[in-house]
Amino acid sequence: MTSDVSASARKELIRHSVDVLTVLDERGDIKYESPAFSRMFGYDPNEFVGENVFDHVHPDDRQRVHDTFRHLVDADAESTTRSVELRFRHADEGWLWIESRGTSEEGSAVDGYVVTSRDIGERKAYERDLERERDRLERFASIVSHDLRSPLAVANGQLELARDECASDHLDAVQRAHDRMSTLIGDLLTLTREGAATPQLETIDLAALARDSWRHTAMGDATLVVETTTTIVADEGQLRRLLENLFRNSVEHGGSGVTVVVGTLDDGFYVADDGTGFPTPDPETLLDCGVSTATGGSGLGLNIVNDVVENHGWNLILTDGDEGGARFEIRDVETPTADGHDG
């Protein structure tokens, strides 16, 4: 009695499943299609029974799907699962993107290979849109890199020639404008090319990277104090840009004589200064792209910092520093495990 109820329950589950359940023999011939086959592809579930499934797969995907199925059939393991994304012919003569997961279970009551398929058309459309956006940003980055930097280099050259011919405070203003343009170009390239890049994680000595980042950033008479000996798991290039932008932000707002401290938190680290603090009661708005309260600021530095934090799954908190300046707390930071592997 229990067996009959279980069999009935399985039939009901198959009948009402949103996913398509297909049973194939070892050649890939279709032995069964669940009722969802009609809802997903527009065919009668019995229409393809006896036909080879690969005949209805997009030609560009056919060999890859065939190879995946052969791995399933030839597997020695008692229970094996293989999955593949493919385009399957729809009744309207179009192609529908699906993800199929095939299972082979020795001793199973099902005589064949069970394949579960679901519609991933919306996801593939999103991926195509994302790829187009990446291409658009890459073209934009190319324009920024070449078509803007080249005339800027010419302008800097002409400025040096002008300095040789005359001394004028106006030329200093031109130099500051050129410097700001150069900063904007660099920040735009970082945002467009690396803003959403997947971090390549490794174990990093935070103190050493902080000191090195400080040396590579023009700080004037500002002072760096490192009060941490911690190691963290992060993408070194992205973490370097985070530190450099926070250092630059402290100097822009706190002046050339500001003191910047890098310290340890129980779940991360912080960068703080003794400058004038946040110029707005809602400092979170400073993370928005293009927002800057510093003269000559690009408005992109803290946005880059926020991107790095989000890429790593960290948490960024903006608060007042102990010395009255600004304090950026980066929390939920991963640390190496005791066995030396990234945790």
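Residues numbered from 1 in each chain as written. Predicted model: local features only at pLDDT ≥ 70, side-chain atom pairs only at ≥ 80, totals over all residues. Heavy atoms only, no water.

**Some thoughts on the confidence of the model for the protein**
Okay, step 1: Chain-level statistics for the protein give a pLDDT mean of 82 and a share of 80% at 70 or above.
Okay, step 2: In this model residues 1-5 is a low-confidence stretch, pLDDT under 50, and it forms zero contacts with partners more than four residues away in sequence or in other chains.
Okay, step 3: Scored below 50 in pLDDT, residues 289-298 shows 23 contacts in the model against residues more than four places distant or in partner chains. (pLDDT = per-residue confidence, 0-100. Contact = heavy atoms within 4.5 Å.)

**Describing the sheet that holds strand E12 (residues 326-331)**
Okay, step 1: Read across the open sheet, the five strands follow the order E7-E9-E10-E12-E11; overall the sheet is mixed. Only two strands of the sheet have a single partner each, and these edge strands are strand E7 (223-227) and strand E11 (315-320). Shown here is a sheet whose adjacent strand axes are inclined to one another by a mean of 15 degrees, direction ignored.
Okay, step 2: As defined by bridge partners, strand E9 (residues 259-265) adjoins strand E10 (residues 268-273) across six bridges and the pair is classed as antiparallel. Following the sheet pairing, valine 262 is matched in E10 by valine 271. (Pairing = 2+ DSSP bridges. Helix = DSSP H or I, 4+ residues; strand = E, 2+ residues; numbered from the N terminus. Axes fitted to C-alpha atoms, helices over the stretch in contact; angles between N-to-C directions.)

**With respect to helix H6 (residues 206-215)**
Okay, step 1: Most of H6 is tucked away: seven of the ten residues are buried.
Okay, step 2: Leu206, Ala207, Leu209, Ala210, Asp212, Ser213 and Trp214 are the residues of H6 that are buried.
Okay, step 3: Where H6 is buried, its residues contact strand E6 (202-205), E7, strand E8 (231-234), helix H7 (236-254), E9 and E10.
Okay, step 4: Measuring from the side-chain oxygen of the N-cap residue of H6 to the backbone nitrogen of alanine 207 gives 3.1 Å; that N-cap residue is aspartate 205. (Buried < 20%, exposed > 50% of the residue type's maximum accessible area, 1.4 Å probe, protein only. Polar contact = N/O pair within 3.5 Å; in protein donor to acceptor, adjacent residues only side chain to side chain.)

**Description of the nonpolar core**
Okay, step 1: Core analysis: the largest hydrophobic core is formed by 35 residues, its most contacted members being Leu239, Leu242, Leu243, Phe247, Phe269 and Trp314.
Okay, step 2: With six residues, the single largest contributor to this core is H7.
Okay, step 3: One finds Ala36, Phe54, Val57 and Leu96 within the second-largest nonpolar core, a separate group that totals 23 residues. (Core = buried A, V, L, I, M, F, W, Y, C linked by side-chain atoms within 4.5 Å.)

**Here's the deal with helix H3 (residues 59-74)**
Okay, step 1: Helix length check: H3, at 16 residues, gives a terminal C-alpha distance of 23 Å against a target of 22 Å (1.5 Å per residue), a fit within 8%.
Okay, step 2: Among all positions in H3, only Asp61, Val65, Thr68, Phe69, Leu72 and Val73 are buried. For H3, the arc enclosing every buried residue in end-on projection is 140 degrees, short of the 170-degree limit, so these residues lie on one face. Turned more than 90 degrees away from the buried face of H3, the exposed residues are Gln63 and Asp74. (Expected span 1.5 Å × (residues − 1). Arc of directions from axis to C-beta.)

**As for the packing of aromatic side chains**
Okay, step 1: Under the criterion given, the structure shown has eleven aromatic pairs.
Okay, step 2: Each ring, one from phenylalanine 41 and one from phenylalanine 88, has its centre 4.8 Å from the other, and the planes form 55 degrees; the classification is tilted. Of this pair, phenylalanine 41 sits in helix H2 (residues 36-41) while phenylalanine 88 sits in strand E3 (residues 79-89), and the two are 47 residues apart along the sequence. Considered together, phenylalanine 41 and phenylalanine 88 belong to a single accessibility category, that of buried residues.
Okay, step 3: Among the aromatic side chains, those forming a connected cluster through ring pairs are Phe37, Phe41, Tyr43, Phe48 and Phe88. (Phe/Tyr/Trp six-rings, centres within 6.5 Å; stacked < 30°, edge-to-face > 60°.)

**Points about the pattern of salt bridges**
Okay, step 1: Counted by the stated rule, this structure contains 19 salt bridges.
Okay, step 2: The salt bridge partner of arginine 123 is glutamate 85, with a shortest N-O separation of 2.1 Å. Note that arginine 123 is positioned in helix H4 (residues 121-165) and glutamate 85 in strand E3, a separation of 38 residues in sequence.
Okay, step 3: Of the residues examined, arginine 123 reaches a relative accessible area of 30% and is grouped as partly exposed. (Salt bridge = Lys/Arg side-chain N within 4 Å of Asp/Glu carboxyl O.)

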